[in-house]
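# Residue-level structure breakdown
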Amino acid sequence: MLALPLRRPQPLDFIEQGALAVDQSRLTSLSTFQARNGIWLAYRYYHSTQDESNKTILIVHGSSAQLIQMTELANALAASGLTAIVLDIRGHGASGQRGDIAYIRQLNYDFEDLLIELRRTDPNQKFILVGTSLGGGFFTHISTTAVGQAFERFILLAPFLGPSTPTSGASNKAWASVNLPRIIGITIRSQFKVTLGQSLPVIAFANGAKTKRYVTSLYSYRLLFSFGPYFNWKKTITALAQSAKKYL
Amino acid sequence: MIAGQDDELMVSDAYERELKSFWIGVKILPKVNYMGLVHHQDAITAIIATVKQGYSGTPNLSPPSTSLHSAPFDRLRD
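The following refers to the structure shown.

Procedures and definitions
- Residues numbered from 1 in each chain as written.
- Chains lettered and ligands numbered in written order.
- Predicted model: local features only at pLDDT ≥ 70, side-chain atom pairs only at ≥ 80, totals over all residues.
- Heavy atoms only, no water.
- 1 Å grid on protein atoms, 1.4 Å probe; cavity = no way out; pocket = protein on both sides within 12 Å on 5 of 7 lines; lining within 4 Å.
- Points joined across faces, edges and corners; volume = space filled by probe spheres on them.
- Nonpolar A, V, L, I, M, F, W, Y, C, P; charged D, E, K, R; others polar.
- Patch = residues over 30% accessible without salt bridge, like charges linked within 9 Å, V, L, I, M, F, W, Y side chains within 5 Å.
- Areas by Shrake-Rupley, 256 points an atom, 1.4 Å probe, with all protein chains shown as cover.
- Salt bridge = Lys/Arg side-chain N within 4 Å of Asp/Glu carboxyl O.
- Helix = DSSP H or I, 4+ residues; strand = E, 2+ residues; numbered from the N terminus.
- Buried < 20%, exposed > 50% of the residue type's maximum accessible area, 1.4 Å probe, protein only.
- Contact = heavy atoms within 4.5 Å.
- Pairing = 2+ DSSP bridges.
- Axes fitted to C-alpha atoms, helices over the stretch in contact; angles between N-to-C directions.
- Core = buried A, V, L, I, M, F, W, Y, C linked by side-chain atoms within 4.5 Å.

Here the focus is empty space enclosed by the protein. Evaluation of the coordinates by the stated rule reveals three cavities of 30 Å³ or more. Taken together, 16 residues line the largest cavity, and the ones lying closest to its centre are Ser63, Ala65 and Gln69 of chain A together with Tyr34 and Met35 of chain B. Residue composition of the lining of the largest cavity, by class: nine nonpolar, seven polar and no charged. Roughly 60 Å³ of volume is contained in the second largest cavity. If you go around the second largest cavity, the residues you meet are Phe33, Leu41, Leu87, Asp88, Ile89, Arg90, Leu107, Asp110 and Phe111 of chain A.

In structure tokens, the structure reads:
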């Protein structure tokens, strides 16, 4: 099951055009923080001098992307008087090895480490999460944990809420090719606490050659199951409902 | 929740249909596609407006009640 090859989908033009349309002339300098396992993870800080609040907007990119693609949004937030941070989720951009992480749920701890780092300057700092696509789906993992309590609100931009949900269109299959037999094989092993195989790629994204420099085209099992939402619609809906109730 | 009406990957109508019963506000933006959500001027304006709504004082703006290193989170580590 694990040996079956992962098929790479044909590049999607609208994804490639969108990725290349980013204006990189207004990037701020790259900042880093050290996660608990010693690896340095990357973010960019868009500070607004007009912002007198103690709130920071954390922007999380979507599947296969990286922080550069959030530049326009971050600049616009800063220009309107709001302070924003965009980060490269581990396994993307300048954060760690592209396409893989060390273990499932490591991203939750990275988030915790980032918030601790940001609160060094202001312990009362509050956060708002803006998550795009898979980055929006990621919130279902963290919203119900202690680290989720650090956020005042979650603003989700076309969140990916699972592969077989009413909100996922048929085109998702053109965007991402999944090696289901491999996922099933690794999941069965994981039930017996066998982590062998979790570093293998299980999903490939339809990126073109021109965007290779910016994107992450393959995800390992452990990255996919850490960054994505629960692969169970009921569980996702429950997390959404709990969060909505909390923030009402 | 904000989505573009011309999203190629997501079914934007379904967000409203599936999530309105959970009191989640859904805003669908015309003429915005999947990639446009973080580039298109209308999308950026809508995101800023949504963020600022919170700044003007929605309920539950109190700081987190538990430490980031709280017990439930530590349990995840095991």
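All names here are of chain A. A surface patch of nonpolar side chains, about 790 Å² in accessible area, is lined by Met1, Val178, Leu180, Ile184, Ile188, Phe192, Val194 and Leu196. For the nonpolar patch, the element with the highest residue contribution is helix α7 (residues 180–191), accounting for three residues. Note on methionine 1: relative accessible area 55%, which makes it exposed.

The next thing to look at is the pattern of salt bridges. Residues and elements named next belong to chain A. Per the stated rule, a full pass over the model turns up seven salt bridges over all chains. Between arginine 90 and aspartate 110 there is a salt bridge, with its nearest N and O atoms 2.7 Å apart. Of this pair, arginine 90 sits in the loop between β4 (84–87) and α3 (106–118) while aspartate 110 is found in helix α3, placing the two residues 20 residues apart along the sequence. Overall, the relative accessible area of 6% leaves arginine 90 in the buried class.

Looking now at the interface of chain A and chain B. Listed per partner, the contact involves 60 residues of chain A and 43 residues of chain B. Remark: the boundary between chain A and chain B carries zero salt bridges. For the side of chain A that touches chain B, the secondary-structure elements that each account for two or more residues are α1 (13–20), β3 (55–60), α2 (71–79), α3, β5 (126–132), β6 (151–157), α6 (172–175) and α9 (233–247) of chain A. The greatest single-element share of the side of chain A that touches chain B, amounting to seven residues, is contributed by α9 of chain A.

Residues and elements named next belong to chain A. When you tally the buried positions in strand β8 (residues 201–205), you get four out of five residues, the bulk of the element. The sheet contact formed by β8 and strand β9 (residues 218–220) spans three bridges and is antiparallel. Residue isoleucine 203 lies in a different strand from β9, and its bridge partner there is tyrosine 219.

Let's shift gears to α2 of chain A. Residue and element names in this part refer to chain A. Counting buried positions over the nine residues of α2 gives eight, a clear majority of the element. Residues of α2 that are buried: Thr71, Glu72, Leu73, Ala74, Asn75, Ala76, Leu77 and Ala78. Just downstream of α2 lies glycine 81, where phi reads positive at about 95°.

Another point: the pairing of β6 of chain A. It is a general feature of regular strands that their side chains alternate between the two faces of the sheet. Residue and element names in this part refer to chain A. Of all seven residues in β6, seven are buried; the element is thus mostly enclosed. Sheet analysis places β5 next to β6, joined by six bridges and oriented parallel. Within β6, the position partnered with leucine 129 by the bridge is phenylalanine 154.

Another point: the sheet that holds β9 of chain A. Residue and element names in this part refer to chain A. Read from one edge of the open sheet, three strands run β7-β8-β9, paired in antiparallel fashion. Of all the strands in the sheet, the pair left with one neighbour each is β7 (176–178) and β9. If you compare each strand with its neighbour and ignore which way they point, the axes differ by 20° on average. Running at roughly 150° to β8, α7 makes contact with β7 and β8 of the sheet.

What follows covers the nonpolar core. Core analysis: the biggest nonpolar cluster contains 92 residues, and Leu58, Ile59 and Phe111 of chain A have the highest contact counts within it. In terms of residues, this core owes the most to one element, helix α2 (residues 41–55) of chain B, which gives six residues. When residues no more than four places from it in sequence are discounted, the contact partners of leucine 58 of chain A are Ile85, Leu87, Phe111, Leu114, Leu115, Leu118, Phe127, Ile128, Leu129, Val130 and Phe151 of chain A.

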